[in-house]
Amino acid sequence: MVVISRRKILGLLGGFGAAISLLPGCCSLKRLIRLPCEEKSTWKIKAKEFWTARVKQRAVQRNAERKIGERPNVKTPFPYLVCDIVESSKGSLASQFRHVPLNQWSEVCFTIKNRGNAAACSCYVEMYECPFANYHMKYSDFRLVSRIVTSVLPGQKKEVAMQWQSTRPTNGGMVARCYDPILDPGALTYEQYYRQSNGFSWSQWIGG
């Protein structure tokens, strides 16, 4: 047999009354314990005003984040892949290439990022050797040096190690790119200032 003291009973009743007082729509229960009851239309208006203000506030926050590049305006769900040849644990690709002899295979590193809101389960990462003037040229006209397939989660930054070999002592170029063939397809031509690709050119090979 469970014995409940009068103090516990009063405490339970007080808690029940406090909970009921916080529920704007339970007018019938409030009337039972003689609490004032707002009209249904009144608390509906208050709720609508609260959520309208909240939506406006979030819209302002999202727009501010988009302006500084922290929240890309992408579809849902959608990965947003970015190729960065500047940032890696071994430095930029240009600095690494200074120690890559011509016609020899070496390992180089660069970073890929997923700034979208879905995983890129089949992210293709590729490196091409190409002519010096390479903008608006098709990737099919470049020399594919290496390719790997990896996965990149939303918000993840991943460093990839790739095999590289340079064969152009003069007037050459390098292009690195990342794309998901299904969720974030890549362009067919190499364009300047495009998030999925990055590269540089040389009039004379900078390697050692």
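Residues numbered from 1 in each chain as written. Predicted model: local features only at pLDDT ≥ 70, side-chain atom pairs only at ≥ 80, totals over all residues. Heavy atoms only, no water.

## Things to note about the packing of aromatic side chains
Using the criterion set out here, one finds 12 aromatic pairs in the structure. The interplanar angle of 20° and the centroid separation of 5.6 Å between the aromatic rings of Y124 and Y179 together place this pair among those described as stacked. Remark: Y179 occurs in strand β6 (residues 170-179) and Y124 occurs in strand β3 (residues 120-131); sequence separation between them is 55 residues. Residue Y124 is classed as partly exposed on the basis of its relative accessible area, which comes to 26%. With relative accessibility at 11%, the residue Y179 sits in the buried group. Chaining the aromatic ring pairs together yields one cluster made of F97, W164, F200, W202 and W205. Above the plane of the ring of Y139 lies R177, whose end atom (NZ or CZ) is 3.8 Å from the centre. When the ring centre of Y80 is taken as origin, the NZ or CZ atom of R195, which lies over that ring, is 4.2 Å away. (Phe/Tyr/Trp six-rings, centres within 6.5 Å; stacked < 30°, edge-to-face > 60°. Helix = DSSP H or I, 4+ residues; strand = E, 2+ residues; numbered from the N terminus. Buried < 20%, exposed > 50% of the residue type's maximum accessible area, 1.4 Å probe, protein only. Lys NZ or Arg CZ within 6 Å of the ring centre and 35° of its normal.)

## Structural notes on the sheet that holds strand β5 (residues 157-164)
Strands sit in the order β1-β2-β5 across an open sheet of three strands; the sheet is antiparallel. The open sheet is flanked by β1 (81-84) and β5, the only strands paired with a single partner. For this sheet the average axis-to-axis angle between neighbouring strands, irrespective of direction, equals 35°. Note: β1 against strand β2 (residues 106-114), four bridges, orientation antiparallel. The residue bridging L81 from the neighbouring strand is N114, located in β2. (Pairing = 2+ DSSP bridges. Axes fitted to C-alpha atoms, helices over the stretch in contact; angles between N-to-C directions.)

Purely geometric numbers; function is a separate question.
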